[in-house]
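In case you want the letters, here they are:
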Amino acid sequence: MRSRREMKVGTEQTALTEAIAAVRRAHAAKLMLCDRLEAIADSLPGGLDRRECLLAARALGPAMIKVHRFEEQHVYPHFAARLLQSAEARKTIARLKSEHCEDEGYAAELRDTLRATARRGRAENPETLGFMLRGFFGALRRHIAFERDHVMAQVAPDCEARD
Ligand SMILES: [Fe+2]
């Protein structure tokens, strides 16, 4: 029979495995969003698809914020623990949280612009919109690559090896 401690460890491991799977799904969804945003940027100025703008705007909403909080609460603490709460781990987590915060502010701005663009049927300023889109998805892709290669690889090295 398993001891109470073994059961606790088993439950924690299951929770972590589920959290990792959830973050991996969220990363895949965010990378799809990046592709969608890139396609919108490439379509400027003449080939804008209003529906694509609305779908992208929707994906930039509260769901993104929820994923950020989830990573911060359910994955980052394990990353810090794996690195024995080192100063470097704390610095990395602070930077990733700050990137989340910046992305949320930028996403809100981009969402409003994409909605207005969809309503109008054209970009008010295609150059500015293109710049906003490329800045956003470029930063998001770098953030996800770092989380995958450093945070997830540290927290779940076996899972990452299967990619
Ligand atoms: Fe993140």
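Residues numbered from 1 in each chain as written. Predicted model: local features only at pLDDT ≥ 70, side-chain atom pairs only at ≥ 80, totals over all residues.

**Concerning the overall build of the chain**
To keep things clear, this is the line we draw: Strands are runs of DSSP state E lasting at least 2 residues, helices are runs of H or I lasting at least 4, and numbering of each runs from the N terminus. The contact rule is simple: place each C-beta atom from the backbone, and if two of them lie within 7 Å, those residues are in contact.
Along the chain, the regular secondary structure elements total 7 helices and 0 strands. In terms of principal-axis extent, the alpha carbons of the chain reach across some 65 × 35 × 25 Å. Within the chain, contacts between residues separated by at least 24 positions form 74% of all contacts whose residues are at least 6 apart in sequence.

**Side note on the nonpolar core**
The condition is simple: Think of a nonpolar core as buried Ala, Val, Leu, Ile, Met, Phe, Trp, Tyr and Cys residues, each tied to the set through C-beta atoms within 7 Å. Neighbour counting defines burial: a residue surrounded by 20 or more other C-beta atoms within 10 Å of its own C-beta is buried, one with 12 or fewer is exposed, and intermediate counts give partly exposed, using backbone-placed C-beta atoms.
Leu37, Ile40, Ala56, Leu133, Phe136 and Phe137 are the most contacted members of the largest nonpolar core, which totals 15 residues. Elements that contribute at least two residues to this core include exactly α1 (4-43), α2 (50-59), α5 (87-120) and α6 (126-155). The contacts of Leu37, once residues within four sequence positions are left out, are Ala56, Leu133, Phe136 and Phe137. Membership of the second largest hydrophobic core comes to 8 residues, among which are Val23, Tyr76, Val151 and Ala156.

**Overview of unusual backbone geometry**
The amide bond that connects Leu44 to the next residue, Pro45, takes the cis arrangement and shows omega of 0 degrees. Residue placement: Pro45 occurs in the loop between α1 and α2. Of note, the phi angle at Leu84 is positive, near 55 degrees, even though the residue is not glycine. As for its placement among the helices and strands, Leu84 is situated in the loop between α4 (76-82) and α5. Given 7 C-beta atoms within a 10 Å radius, Leu84 is considered exposed.

**Considering the packing of α5 against α6**
For clarity, the cut-off: As a rule, the C-alpha atoms of each element are fitted with a line to give its axis, helices using only the stretch in contact, and angles between N-to-C directions run from 0 to 180 degrees. For a crossing to be left-handed, the near helix must be turned anticlockwise from the far one by less than a right angle; the clockwise case is right-handed. Residue type decides the class: Asp, Glu, Lys and Arg count as charged, Ala, Val, Leu, Ile, Met, Phe, Trp, Tyr, Cys and Pro as nonpolar, and the leftover types, Gly among them, as polar.
Where α5 meets α6, the closest approach of the two axes is 10 Å, and the angle between their N-to-C directions is 145 degrees. Relative to α6, the crossing made by α5 is left-handed. Along the contact surface, α5 presents Leu96, Glu99, Asp103, Tyr106, Leu110, Thr113 and Thr117, while α6 presents Leu129, Met132, Phe136, Ala139, Leu140, His143 and Glu147. In terms of residue class, the contact of α5 with α6 is built from 8 nonpolar, 3 polar and 3 charged.

**Some points on α5**
The condition that has to hold: Expected helix span is given by 1.5 Å per residue-to-residue step, counting one fewer step than there are residues.
A rise of 1.5 Å per residue sets the reference length of α5, with its 34 residues, at 50 Å; its end C-alpha atoms lie 49 Å apart and thus fit the reference within 8%. Structurally, α5 contributes buried residues whose contacts are with α2 and α6. A positive backbone phi angle near 85 degrees is found at Gly121, which sits one or two residues after α5.

**So, the environment of Asp103**
When you line up the elements, Asp103 lands in helix α5. Each C-alpha atom, one on Asp103 and one on Gln85, is 26 Å from the other, the two residues being 18 residues apart in sequence. Beyond its immediate stretch of four places on either side in the chain, Asp103 contacts Ala139 and Leu140.

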